[in-house]
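Inside the fold
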Amino acid sequence: MIFDSILSTSFINHLELVDSVRNQLSPLIKKAGILVGEAFLRGGKVILIGNGGSAADAQHIAAEFTGRFVTERTPLPAIALTTNSSAITAIANDYGYDQVFSRQIRAIGNKGDILIAISTSGNSPNIINAVYSANSQGLTSICLTGKNGGDLKNICGISIVVPSEVTARIQEMHILIGHIFCEYIDSLYLNSYDSLK
């Protein structure tokens, strides 16, 4: 009985939130996805960051770009800054955990690149610092957040704030949005794959 209730409630809450995201955020999702596509077509890269489950989402989306989503296409330059344990622990030890992403962005971020910053609360200091670094270097910052958007909402180029207070539901929407970006990118390269590979 308990499991049945959890199962039913989870599906209902998920589907209700999908509808809310589609109705409220589709224009922002479209705008962000187009910017990601344009960056790749210009030869830029996508940098992704997040903590905890959001780190896993960052790595997941980066893998879809460098590998493939559905369509066979050229591999695309994307990197999740969550994967280099030596860099993360060295920077955290020497400068503090709030600098683990911003210093990496200062090292590898270029004007015209995209930063996708993922934070369910929008208040993680290391994510906020990274966005400031990205903005100062001419990257376009796209933030996937939830709840009220936190401090990130006011500093990102595009803030996609999932209208939920539940971390799990917010994360489900973040990966859905990431997959929408991936499908759009696939469509851009579908007809040009042979000339790019």
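This text goes with the structure placed above it.
Here goes a summary of the coordinates provided. (Residues numbered from 1 in each chain as written. Predicted model: local features only at pLDDT ≥ 70, side-chain atom pairs only at ≥ 80, totals over all residues. Heavy atoms only, no water.)

Here we take up the pairing of strand 5 (residues 158-162). Counting buried positions along strand 5 gives five out of five residues, so the element sits mostly inside the fold. Here strand 5 shows a buried face lined by I158, I160 and V162 and a second buried face lined by S159 and V161. In the sheet, strand 4 (residues 140-146) pairs with strand 5 via five bridges, with the strands oriented parallel. Each residue of the ladder has a partner; that of T145, found in strand 5, is V161. (Buried < 20%, exposed > 50% of the residue type's maximum accessible area, 1.4 Å probe, protein only. Helix = DSSP H or I, 4+ residues; strand = E, 2+ residues; numbered from the N terminus. Pairing = 2+ DSSP bridges.)

Between helix 2 (residues 53-66) and helix 6 (residues 167-189), the shortest axis-to-axis distance is 10 Å and the interhelical angle comes to 10 degrees. Regarding the angle of helix 2 to helix 6, the classification is roughly parallel. As helix 2 runs across helix 6, the sense of the crossing is right-handed. Packed against helix 2, whose contacting residues are G53, S54, D57, H60, I61, E64 and F65, the element helix 6 presents Q171, H174, I175, G178, H179, F181, C182 and I185 at the interface. Of the residues belonging to the contact of helix 2 with helix 6, the class tally is six nonpolar, seven polar and two charged. (Axes fitted to C-alpha atoms, helices over the stretch in contact; angles between N-to-C directions. Parallel < 35°, antiparallel > 145°, perpendicular 65-115°, else oblique. Left-handed = near helix turned anticlockwise from the far one by under 90°. Contact = heavy atoms within 4.5 Å. Nonpolar A, V, L, I, M, F, W, Y, C, P; charged D, E, K, R; others polar.)

Moving on, we get to the packing of aromatic side chains. How two aromatic rings sit relative to each other is set out by the distance from centre to centre and by the angle between their planes. Scanning all chains against the criterion turns up one aromatic pair. Ring geometry for F40 against F65: centres 5.0 Å apart, planes inclined by 70 degrees, an arrangement best described as edge-to-face. Here the residue F40 occupies a position in helix 1 (residues 2-41), and F65 occupies one in helix 2, the gap between them amounting to 25 residues. For the pair F40 and F65, one class covers both residues: buried. Taking the ring centre of Y95 as reference, the NZ or CZ of R103 above it sits at 3.9 Å. (Phe/Tyr/Trp six-rings, centres within 6.5 Å; stacked < 30°, edge-to-face > 60°. Lys NZ or Arg CZ within 6 Å of the ring centre and 35° of its normal.)

Turning next to the state of the cysteines. What the rule picks out here adds up to one disulfide. Disulfide pairing places C143 opposite C156 at an S-S distance of 1.6 Å. In this structure, the disulfide formed by C143 and C156 twists by about -55 degrees around the S-S bond and is classed as left-handed. With C143 in strand 4 and C156 in the loop between strand 4 and strand 5, this residue pair connects regions lying 13 residues apart in the sequence. The exposure class assigned to C156 is buried, which follows from its relative accessible area of 12%. No disulfide involves C182; its sulfur sits 18 Å from the nearest other cysteine sulfur, which is in C143. Judged by its relative accessible area of 1%, C182 is buried. (Disulfide = S-S within 2.5 Å.)

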